[in-house]
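Read off the chains here:
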Amino acid sequence: MVDDFEGREIITIKPSTRDYPISMSFRVCSSEMANDGAIPFGTTISSAVVKAYDPTGADVTANLVTIPATVQKNTVKCGVSWHEGIVPGLHTLTAVLTFASGHIDEFDLKRVLVEAN
């Protein structure tokens, strides 16, 4: 499984976009000493919060993230929607993950390109 959260993918949303599904996969480190995954060895993701920021850095989570984050094994899913008054341009999603071990980490995720029309 390849981690899919490093901002390599751009999703485009337009005025007709509602609850566009986004899925982000995180790999578990293969051992305590290995640094080959996003999830520490021996733990799991217990919860996640996905946040959204517009091109100016303002928090627009309440308007853009319309389906809150859910966790399924090592995958975090959410949904985004276009809304009236949204600033066109490249928005950023981040995920704040809480692990079963109590560790909390934040990841820079996918980019959302918002088009006016």
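Provided above is the structure to which this section pertains.
These numbers were taken from a predicted model, which means no experiment stands behind them.

Draft legend 1. The sheet that holds strand β6 (residues 89-99), seen in detail. The four strands are arranged β1-β7-β6-β3 in an open sheet whose pairing can be described as mixed. Two strands close off the open sheet at either side, each with one partner strand: β1 (10-13) and β3 (45-53). Recorded for the sheet is a direction-independent mean angle of 30° between the axes of neighbouring strands. Of the pairings in the sheet, the one linking β6 to strand β7 (residues 104-114) comprises nine bridges and is antiparallel in character. The partner of L90 across the bridge, within β7, is L113.

Draft legend 2. Just the nonpolar core, in detail. Within the largest apolar cluster, 27 residues are counted, with the highest numbers of intra-cluster contacts made by F26, L93 and L97. Of all the secondary-structure elements, those providing two or more residues to this core are β1, β2 (20-25), β3, β5 (75-80), β6 and β7. Ignoring any residue separated from it by four or fewer positions in sequence, one finds L97 in contact with F26, I45, S47, A48, V76, H103, I104, D105 and F107.

Draft legend 3. Looking closely at the pattern of salt bridges. Using the criterion set out here, one finds two salt bridges in the structure. Ionic pairing is found between E115 and K14, a salt bridge with its closest N-O pair at 3.6 Å. Here E115, found in the segment after β7, pairs with K14, found in the loop between β1 and β2; they are 101 residues apart in sequence, far enough to count as distant. The class of E115 is partly exposed, set by a relative accessible area of 27%.

Draft legend 4. Spatial organisation of the sheet that holds β2. Overall, antiparallel pairing links the three strands, which are arranged β2-β5-β4 in an open sheet. Single-partner strands in this sheet number two, and they are β2 and β4 (65-72). On average, adjacent strands in this sheet sit at an angle of 15° to one another, irrespective of strand direction. In the sheet, β4 pairs with β5 via five bridges, with the strands oriented antiparallel. Within the sheet, the bridge partner assigned to I67 lies in β5 and is G79.

Draft legend 5. Fine view of the environment of V87. Summarising the element assignment, V87 is placed in the loop between β5 and β6. Between the C-alpha atom of V87 and that of V114, which follows or precedes it by 27 residues, the distance is 7.3 Å. Contacts of V87, omitting those with residues within four sequence positions, involve D54, P55 and V114.

Draft legend 6. Local environment of the pairing of β6. Burial within β6 is extensive, with eight of its eleven residues counted as buried. As judged from the eight bridges shared by β3 and β6, these two strands associate in the antiparallel manner. When the sheet's bridge partners are listed, A52 is paired in β6 with L93. Counting the residues between successive antiparallel strands, the hairpin from β6 to β7 contains four residues, one of them, G102, with a positive phi of roughly 100°.

Draft legend 7. Layout of unusual backbone geometry. A positive phi is found at D19, a non-glycine position, where the angle reads about 55°. Note that D19 resides in the loop between β1 and β2. Despite not being glycine, K73 shows a phi value in the positive range, around 60°. Following the sequence through the fold, K73 ends up in the loop between β4 and β5.

Cut-offs applied
Residues numbered from 1 in each chain as written. Predicted model: local features only at pLDDT ≥ 70, side-chain atom pairs only at ≥ 80, totals over all residues. Heavy atoms only, no water. Pairing = 2+ DSSP bridges. Helix = DSSP H or I, 4+ residues; strand = E, 2+ residues; numbered from the N terminus. Axes fitted to C-alpha atoms, helices over the stretch in contact; angles between N-to-C directions. Core = buried A, V, L, I, M, F, W, Y, C linked by side-chain atoms within 4.5 Å. Buried < 20%, exposed > 50% of the residue type's maximum accessible area, 1.4 Å probe, protein only. Contact = heavy atoms within 4.5 Å. Salt bridge = Lys/Arg side-chain N within 4 Å of Asp/Glu carboxyl O.

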